Amino acid sequence: MGVLLGVMDITDNLRTKEHREAEKALYDVWVEPDLSEMSQYEFKRFALAYERGYEAGKRHVEEIKKALE
């Protein structure tokens, strides 16, 4: 089961990366935390994802403010 989830994770990550790169040009600000060491199936590590997202948001505050002006 672990191998199957690993293959699904790799496949989905590749498709998500391609979609993300195509979409980035549509947004004024792109805030994306680094979750590369996490599998999308690791719900137990949600606190880490939240923390990384919060930190990424803080790093982009000035850019967000500028986009809202």
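Cut-off values and rules
- Residues numbered from 1 in each chain as written.
- Predicted model: local features only at pLDDT ≥ 70, side-chain atom pairs only at ≥ 80, totals over all residues.
- Heavy atoms only, no water.
- Patch = residues over 30% accessible without salt bridge, like charges linked within 9 Å, V, L, I, M, F, W, Y side chains within 5 Å.
- Areas by Shrake-Rupley, 256 points an atom, 1.4 Å probe, with all protein chains shown as cover.
- Salt bridge = Lys/Arg side-chain N within 4 Å of Asp/Glu carboxyl O.
- Helix = DSSP H or I, 4+ residues; strand = E, 2+ residues; numbered from the N terminus.
- Buried < 20%, exposed > 50% of the residue type's maximum accessible area, 1.4 Å probe, protein only.
- Contact = heavy atoms within 4.5 Å.

Once that is clear, we can look at a nonpolar patch on the surface. On the surface, a cluster of nonpolar side chains totalling about 270 Å² of accessible area is made up of V31, I64 and L68. By the secondary structure assignment, I64 is in helix α3 (residues 61-68).

A separate point is the pattern of salt bridges. Applying the stated criterion across every chain yields a total of five salt bridges. For E55, the salt bridge is made with K58, and the minimal N-O distance between the two is 3.6 Å. Residue E55 and its partner K58 are both found in helix α2 (residues 46-59); the two are separated by three residues, about one turn of the helix. Residue classification places E55 among the partly exposed positions, given a relative accessible area of 32%. Residues joined in a network through salt bridges with shared partners are E37, R45 and R52.

Turning next to the environment of R52. As for its position among the elements, R52 is in helix α2. Separated by 17 residues in sequence, R52 and L35 have C-alpha atoms that sit 7.5 Å apart. Not counting chain neighbours up to four residues away, the residues in contact with R52 comprise P33, D34, L35 and E37.

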